[in-house]
Every structure is written in structure tokens, then in C-alpha cells.
Amino acid sequence: MAEALRRPELVCPAGTPAALRTAVEAGADAVYCGLQNATNARNFPGLNFTVDDLNASVRFAHDRNTKVLLAVNTFPPAGKFGLWRDAIDVAAATGVDAAIVADMGVADYAAQTYPSLRLHLSVQAGASSPEAIRFYCASFGIKRVVLPRILTVEEIAAVHRQIPCEIEAFVFGNIGLMAEGRCSLSNFATGQSTNMDGVCSPAGAVHYEGDRVGNLTTRLGPFVIDRFTNGENAGYPTICKGRYGCAARNEPYYAFEEPVSLNLSALLPDLMRAGVTALKIEGRQRSRAYVKQVVSAFRRAVDEVATGRNAALADLIALTEGHRQTEGAFGSKRWR
Amino acid sequence: MALTASKKSEITLGSVLFNWPAERWRDFYFRIADEAPVSTVYVGEVVCSKRAPLFAPFMPEVVDRLKAGGKTVVLSTLSEVASDKDRQLIESVCAATDHLVEANDASALYALKGRPHHVGPFLNVYNEGTAAFLVRGGARNFCLPPEMPATAIRNLSTQIRHPDITVEVFAFGRVPLALSARCYHARAHGRTKDSCQFVCEDDADGFALNTLEGQPFLAVNGIQTLSYEYLSLAAEVADLRAMGVSRFRLSPHSCDMVAVTSIFRRLADGALSGGEATAMLRASIAERLCNGFYHGKPGFACVSTD
């Protein structure tokens, strides 16, 4: 019988105003979103918010006691800093509950200009040690850190004891295998940067090639990322989930990771015990139906765990990419 | 307006990113100390804290020999910090107050704040706001992220122009592209990071990952992923000088690095043209060269500047 645990905040993705309303109604405690430009890490066509959208969405969410967090979590290249400054100005003007920042210059601007604007440190800042987190807290008054997905739950608990701010941890969704904010693989193949342009594997560089017997080859730029036999569930080509050959292997293999999704539902009690304040669900690029299903399921699960009941999470597995899931680095050091 | 380059060009040598056997590592630096025309040499483990104890016994004599050779020694720190072992390594390197230290992660910035230090290519310094903030904390040299295009390098370098601050670019070697919690060297051999048995020692320049079509694509070095191609900004040195970039970092590989440093030194002195230097590098490196990031193209691309 599990003990009652402090109920963490459930932080949910909103790629569009409609998805935001869906997440709020499905039980999110907070939603996170971005503007329609390179200032956030999901800069995809058809996604994200205009300033008017954001104003209306903040009203909608606040009326229902839900927080709105604005992701301004990419890295402005010199010469374009103004766009990020504008995004911070928008965060302050629209009354969002926090801005999620990664770049030190952007964080510095926000902290100096809007001392009352609450700042969260994005996972893109890659602050994984107590010292790194303390550096950001002391420099910019960061109130919450979104931890990189490279730590075990045990390590998260140790970090919690050594830092002066709250912890938010990813619990569900698509995971990149590389340390966040420190990966230029996609730029290497496509010429568009995850850090500077806010996009990994841009659709314009993705190619699907079928042959006569129904096999499908996926490419990013000129590089083959994977190949699927007729009927296999073909994944979207991202470099860290591709299949490659090397001298030490006779057969091509997933050199970085199999195409799996992160699902920490089984670790929820451990994460809550580790002192995690907020649980984050990935997926601003996902449909409203997906958001509704995942948010509702996690709402139930978190409430059950918080009141000491056993959570039933089987229905979440069906939502994961290719129906396969992992606890990634969180579960055990053996994953590394 | 044409900018006059005010600082003397310096050729620097980055830390060895790969796991070279300790004696080979020592002998490499001895030869650099005696023969290479470089002003600054970065030394220390950047990729995996498990490797640091392997060459630690040779560290004092390497540092002494480099200094005797007239080189400035900068101690470089780990790029990814997760375990207590990682943190201890950062702490011990930053405790060496008689040396300049290069921070490659915010953990090191925490330890170095208020004292002059370098900022390495693994820290995200993309703009003037970040650079100005770090300068207030003691940063004196920035080695920019290798994916930065010329336009951003020019804007940044122009805006932080200051007699005491230098800008450095990664100018030669496989391009660092990503870091991970997981060791891909161990994974390729069916092991994990904890049970790796230092299998990365077998690949002096990393090992190649090829696509399903057999096309060389990336190179793996423990938790780090690099380009398969070797970056060369030899043809871009003159433009970079005009932008105010004064330091050019060469990343050590198993090829003849004394020859590579000499090529860049002669290039910076005007004794070789960019085209001549590129041709010489091409003759001594088996892999293709690349320079795409600088030109705002995919990183693997090789853009001709003729």
C-alpha cells in the first residue's frame, strides 16, 4: 500500500489554441506553448500562437484556474536577438505565469527588464548538475528547472536536495536521445538548426521513397535514416532514431536508440517521492485527440498515486510511438 | 565598412576528444610542445570522466613540457555533467587556480565565476547578450559553437569587440555535433557505459556510422557524436580575420597534427593562400572536408570559396 504523496503539477502541451482548451478541459494544471516563430523549439508550420491567440488563451486558462507557460527556449543567433526580446516582452504583457528560457542572454534580458516575470529554465539549457542549476538560479532568479532526460530517478532526488528551485521532469512522449540544447545533428543534415531555428528534422528535408514491393526508405536531406518492409510502422526520420552500420556490427542497428517513446507512468510514485514539483508531457506537435487521451490518463494516474491508490496505466501504452516504450535514463544506469 | 584586424592571429590546439592510450597521449603533447607553432594548448578530458584517471599521472609533465615550449596551457572541462564523478572532475580542474580554465558546461561557470576564464565550444554562446553576461562573470575568450553561420559570427564578433576579449572558432577536425547520457561506443559493442571496458580506446578518431546505403555519415566517440567529415575553415580564415576572429582552434586527430598546425600558421601569416592550405589538408586527410555550417548550409556540405 503506497503512502499519500504531494500532488505534483501536470504540465501539458498546447501546439494550438484548440489543443490548449482541450488540455485545460482534460485536467492540466498548466499548459505550455510558443509563438509562431523561431523563439521556441517546436517551430513547425501550422503550430503555435499569435499574440492575440495567446491573450485569449491566457484568459481562457486563468478563468479555469490553469497556468500558461510560454516557451522562449531557443538560442538567438547574433543579429536576431530582437525577436527573442520581443517574445519576452509578449510574455510579460500577456500575463503568462512563467516564461521558459534557455539562452543566458534571453534569461538576462528577462530578469533585468521584468523582475516579476517568473522564469523556468528550459530543458534546452541542459542544466543537469546541482552546480549548473545553482548558476542559473543565482544569475537569473530561476524558480524551476526542467531537468534534462539524462538522469535516473535516484539522481533526480539527489539533485533536488541540493538546489534552491523546483524541479519539472518529463514523464511522457517523444524523446530525443541527445542532451537537449546541445545537438546539431539535424542542422548537419538539413541546414536548419534545432537551437537557432527551433526545428529538428524539418518536414522540407524529409523524404519517403517506396519501392515496387512496398518497402519504404526514409531520408533526412541526402541521408537514409531507416528502411521499413511492407506493412511495418514507418517512423518519422530523426537521426538519433535511425538505423546504421558500423565496423563492430555485422548488421545495421539502431546506433543510438530504438524508435521508442518515453513513458514514466510506472515511476510516478518514485518521481513524486524524489521531490519533483511538476510532471511534463511532451507533444505540442500532436493532435487534440492525443492530448485529450494522454492528459486525461495522466490526470487520473497522478490523482490516484497522490491519494495512495494504485494507478492503472495500461491505456497509456497504446499511445506510444510504435507501441513501444522506454523509461530511458530515468529507470536505471544500465540504460546508458 | 572594412574592419581592420587588430589582434594577432593565434593557432590553438583543442583538447584531445578521443581516448588515446595514456603514453600516446603524453607523447602527442610532448611533440606539440616541441614542434607545433601554436600559442595555446587546451588539455583535459572533455567527453567522459571515466577516461580522466587514465592520463592523469602524465598531466603534470605534459603541462610542464608545453609551458617550456612557450605554450599557454588552458585546462578544459567536461562537456556533460551528470554523475558525482563528473562533478568531482569539474571541481578538481576548476580548483587549479594557477591555470586558466575553459568552461564547457554551466557547472564549470559556477566554479569559475568572478575569475578570468575561457568559454568552450560546448557552451551555447550564440549572441551578444549571452557573451556580455558571461564577460561580466570573467569570460575572456569564447570558442563559438561550431554550427554558427558566418553572419552570426560576424555580428557577435563585431559587437563584443574589446581589447581583452578574444573570439575563437573551431577550424579543423571532426565537428562535435551531439552529446548523450548514453555511451554509443559501448552500445556498438553490446556493453553499457558502466561496463564499457574502455572500448573507445580502439578508435583514435572515433568510429564511422554508415547509412543503410553504405554512405559514411557520422562518427562516434563514446557519448559524443561527431561529423564523419573533417571540418576545414582554411579557406575562410581571411574572412574570419576581417570579422575580428583572432583565434583558430584545431582539434587533434591521429593524422600529423604538427603538419596541420604548420599549415594553419603559414596561412595566418600570409605565406599560404586559403586554396593552397585547403589543398595541402586534402592531401593529408583521407576523409572528405566540410565547411557547411559556416556558409549557412547543412554541416556536411563542402562549399567551394574559389
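Located above this text is the structure these notes cover.
Residues numbered from 1 in each chain as written. Chains lettered and ligands numbered in written order. Predicted model: local features only at pLDDT ≥ 70, side-chain atom pairs only at ≥ 80, totals over all residues. Heavy atoms only, no water.

Participant: Help me out: how do you make sense of the overall build of chain A in this one?
Facilitator: When its secondary structure is counted, chain A shows 12 helices and 15 strands. Over its C-alpha trace chain A gives a radius of gyration of 20 Å, about what one expects of a compact globule, namely 20 Å for 336 residues. Taken along the three principal axes of its C-alpha coordinates, chain A extends 60 × 55 × 40 Å. When each of the 336 residues of chain A is scored for burial, the buried share is 63%. Taking the contacts inside chain A whose residues are at least 6 apart along the sequence as the reference set, 62% of them involve residues at least 24 apart. Summing over all exposed atoms, chain A offers an accessible surface of approximately 12,400 Å²; the carbon and sulfur share of this is 48%. Treating the 35 positive side-chain charges of chain A as one cloud and the 33 negative ones as another, the clouds have centres 1 Å apart. (Helix = DSSP H or I, 4+ residues; strand = E, 2+ residues; numbered from the N terminus. Rg over C-alpha atoms; globule rule 2.2 N^0.38 Å. Buried < 20%, exposed > 50% of the residue type's maximum accessible area, 1.4 Å probe, protein only. Contact = heavy atoms within 4.5 Å. Areas by Shrake-Rupley, 256 points an atom, 1.4 Å probe, with all protein chains shown as cover. Lys, Arg positive; Asp, Glu negative; His and termini not counted. Charge placed at Lys NZ, Arg CZ, Asp CG, Glu CD.)

Participant: Help me understand the interface of chain B and chain A in this model?
Facilitator: It is common to report an interface's size as the accessible area lost on association of the parts. Across the contact, 67 residues belong to chain B and 66 residues belong to chain A. Buried surface at the junction of chain B and chain A, both sides included, amounts to about 5,600 Å², of which 59% is carbon and sulfur. Looking at the side of chain B facing chain A, the largest losses of area belong to B:Arg182, B:Leu212 and B:Phe217, adding up to 13% of the total buried there. Applying the counting criterion to the chain B and chain A interface returns 6 salt bridges. Between B:Arg136 and A:Asp108 there is a salt bridge, and its shortest N-O distance comes to 2.9 Å. (Buried area = accessible area lost by both parts, 1.4 Å probe. Salt bridge = Lys/Arg side-chain N within 4 Å of Asp/Glu carboxyl O.)

Participant: Is there a simple way to explain the side chain of A:Arg144 in this structure?
Facilitator: Residue and element names in this part refer to chain A. Relative to the helices and strands, Arg-144 is located in strand S6 (residues 144-146). A relative accessible area of 2% places Arg-144 in the buried class. Among the polar contacts made by the side chain of Arg-144, one reaches the side chain of Glu-168 at a distance of 2.8 Å. The residues contacting Arg-144, other than those within four sequence positions of it, are Glu-9, Val-11, Arg-118, Leu-119, His-120, Leu-121, Cys-165, Glu-166, Ile-167, Glu-168, Thr-277 and Ala-278. (Polar contact = N/O pair within 3.5 Å; in protein donor to acceptor, adjacent residues only side chain to side chain.)

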